Structures are given as C-alpha cells and as structure tokens.
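Here's the letter readout for the chains.
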Amino acid sequence: MTPQLTDRHALALHRARATRDALFLHEAVVSEAQERLIEVNRTFNDAVVVTPFPDLWPGFRTIPDAEVLDLGPDSQDLVIHALCLHWADDPVGQIVQARRALRPDGLFLCATLGGQTLHELRAVLAEAEAAVTGGLSPRVLPMGEIRDLGGLVQRAGLALPVADSDTLTVRYRDALHLMGDLRAMGETSALAERPRHFTRRTVLMEAAARYQAAFADAEGRIPATFEIVWLTGWAPHESQPQPLRPGSATHRLADILPKH
C-alpha cells in the first residue's frame with residue numbers, strides 16, 4: 001500500500017483559497033508547454049491536461065489530479081500533467097495511468113516542482129525551528145531531484161524519456177511576504193504528517209531573520225528559487241528509434257575511433 005504523503009482534503013482547501021494573480025508558476029507552465037508543443041510540430045486531436053486550475057487551460061479538456069485519473073485506455077494522443085505531480089502519493093502511478101491512456105506514439109508532457117524549489121526557505125525554517133524549539137517538524141514538501149524524476153518516466157513504460165529543468169528566481173520583500181505568496185498559490189503544507197498547530201511566531205520571525213541575513217541582496221530583497229522539471233516520454237510505437245540488440249553491431253569500435 002502506498003504511504004500517504006499528502007492530506008488531500010487540506011490540499012483541496014488550500015487550492016480553493018488560491019488567487020489568480022499568485023498563479024504565475026502555473027501560467028509559466030502553460031506558456032512553456034505551448035512552446036514545447038510547437039517544437040514537436042504535430043497535431044494532437046485528443047489532448048487532456050491534469051491540473052488543479054482548469055481555468056488556466058482554455059481550449060483543453062482538463063481533469064483533476066486525483067489518485068485515480070479520469071482517463072480511459074488508449075483514449076488520448078497527448079497527456080499534459082501540469083504542476084501537480086509533486087503532491088502525488090504515487091507519482092509513478094500517475095505516469096503509468098497517463099501511459100495507459102495514450103495511444104501508440106502519444107506524448108506525455110509533465111511539469112513538476114524539482115528538488116531545488118524553495119531550498120532557501122527549507123533551510124532557514126529548519127534552522128529556526130531547531131534553534132527555538134530544539135526539534136524539527138515536517139513543514140515543506142520533499143520534492144524529487146531531476147535524475148530521479150526522469151527515471152519515473154522510464155519506469156512507467158514510456159519511450160524516449162527526457163528530463164530537463166528551468167529555474168525561476170522570484171524576489172520578495174521578506175520571508176513573510178514569500179510565505180503569504182505560497183498561501184495565495186495554494187502551495188502551503190498539506191503534508192499528512194505536518195504539525196496540526198500554527199507555527200510559533202518566534203519560529204517564523206527567527207526564520208525570516210535568518211533568510212534576510214543569509215540571502216538578501218543589496219536592496220534587502222530575498223530570492224526564492226522555483227525549479228520546474230519537465231518530463232517527456234512517448235507511448236511506444238514501432239516507428240520510434242529502437243536500441244540495438246546486444247551483438248548486432250556491424251562495425252568494431254576500434255575501427256571507428258581515431259587512431260593515435
């Protein structure tokens with residue numbers, strides 16, 4: 001049984017309170033996805049987007065990022081998983097479901113938050129809580145590194161897997177301003193094991209002071225890093241490049257390499 005990482009009820013409440021002007025990460029994903037689809041240079045007739053914010057995807061059929069996705073087998077030629085895989089208890093299961101929904105040579109395109117996301121905030125929150133209370137609580141969602149995330153695509157049975165990342169740095173007045181923005185994004189902690197009480201103000205103020213001291217620029221503003229990892233894979237099809245069988249080479253490596 002997959003361990004429960006996310007409190008889905010809390011996550012739904014957080015997303016319901018999100019404000020449109022704070023969804024700049026999702027808007028960046030919409031724009032980048034469109035650019036990537038242009039580069040693919042293919043017409044998709046049955047596309048679906050897995051997203052918690054369907055209003056950002058006009059013209060697309062959208063479905064929520066439920067544990068069981070509303071997808072029929074062999075029903076799509078494009079599945080976009082849009083910035084919500086990081087909340088999945090079973091991320092590879094999400095990709096497997098997308099794979100089953102794709103027809104042969106259909107495209108899976110996913111954007112998810114990567115391991116460098118909010119590394120500054122995570123560090124100062126841990127330091128502040130340890131300094132004030134002498135302990136640590138799970139407060140910020142753990143996110144996968146690009147190599148591990150890329151491996152999920154291959155594990156799910158998709159061909160020609162590719163993983164790459166974009167890093168967006170946003171500057172804030174202070175750490176409390178950043179935390180307010182995360183709340184407006186619907187991205188505050190919905191960890192199943194999160195503390196059920198409000199974080200002590202002394203912890204927050206200590207974290208804000210440490211953030212300022214360690215990361216502030218000359219104007220006193222602090223950076224917040226958001227790493228967006230892009231995962232791409234194709235439903236297998238006979239037209240795709242195939243790896244050579246062991247022993248099928250027709251030339252020796254020594255004949256190809258330059259001689260010294």
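See above for the structure.
Chemist: Which parts of the structure should I look at to understand unusual backbone geometry?
Modeler: Peptide bonds are mostly trans, and most non-glycine residues show a negative phi. Even without glycine at this site, aspartate 74 takes up a positive phi of about 50°. Looking at the secondary structure, you find aspartate 74 in the loop between strand 2 (61–63) and strand 3 (76–82). Look at leucine 160: it is not a glycine, yet its phi comes out positive at around 50°. Residue placement: leucine 160 occurs in strand 5 (residues 159–172). Since its relative accessible area comes to 38%, leucine 160 is described here as partly exposed.

Chemist: Just to check I follow, could you spell out the nonpolar core for this structure?
Modeler: Nonpolar side chains in soluble globular proteins tend to end up buried together. One finds Trp57, Leu121 and Phe226 to be the most contacted residues of the largest nonpolar core, which totals 46 residues. Setting aside chain neighbours within four positions, we find phenylalanine 226 in contact with Leu25, Thr117, Leu118, Asp166, Thr167, Leu168, Val170, Tyr172, Leu182 and Met185. Counting residues in hydrophobic clusters, the runner-up holds 24 residues, among them Ile95, Ala98, Leu149 and Leu231.

Chemist: Before we go on, may I ask you to explain empty space enclosed by the protein in this structure?
Modeler: To locate leftover empty space, one rolls a probe as large as a water molecule over the atoms. With the rule as written, the count across this model stands at one cavity of 30 Å³ or more. Quantified by volume, the largest cavity comes out at close to 40 Å³. Taken together, Ala22, Leu23, Leu25, His26, Leu83, Leu113, Met185 and Glu187 make up the lining of the largest cavity. Along the lines of polarity and charge, the residues of the lining of the largest cavity split into six nonpolar, one polar and one charged.

What counts and what doesn't
- Residues numbered from 1 in each chain as written.
- Predicted model: local features only at pLDDT ≥ 70, side-chain atom pairs only at ≥ 80, totals over all residues.
- Heavy atoms only, no water.
- Helix = DSSP H or I, 4+ residues; strand = E, 2+ residues; numbered from the N terminus.
- Buried < 20%, exposed > 50% of the residue type's maximum accessible area, 1.4 Å probe, protein only.
- Core = buried A, V, L, I, M, F, W, Y, C linked by side-chain atoms within 4.5 Å.
- Contact = heavy atoms within 4.5 Å.
- 1 Å grid on protein atoms, 1.4 Å probe; cavity = no way out; pocket = protein on both sides within 12 Å on 5 of 7 lines; lining within 4 Å.
- Points joined across faces, edges and corners; volume = space filled by probe spheres on them.
- Nonpolar A, V, L, I, M, F, W, Y, C, P; charged D, E, K, R; others polar.

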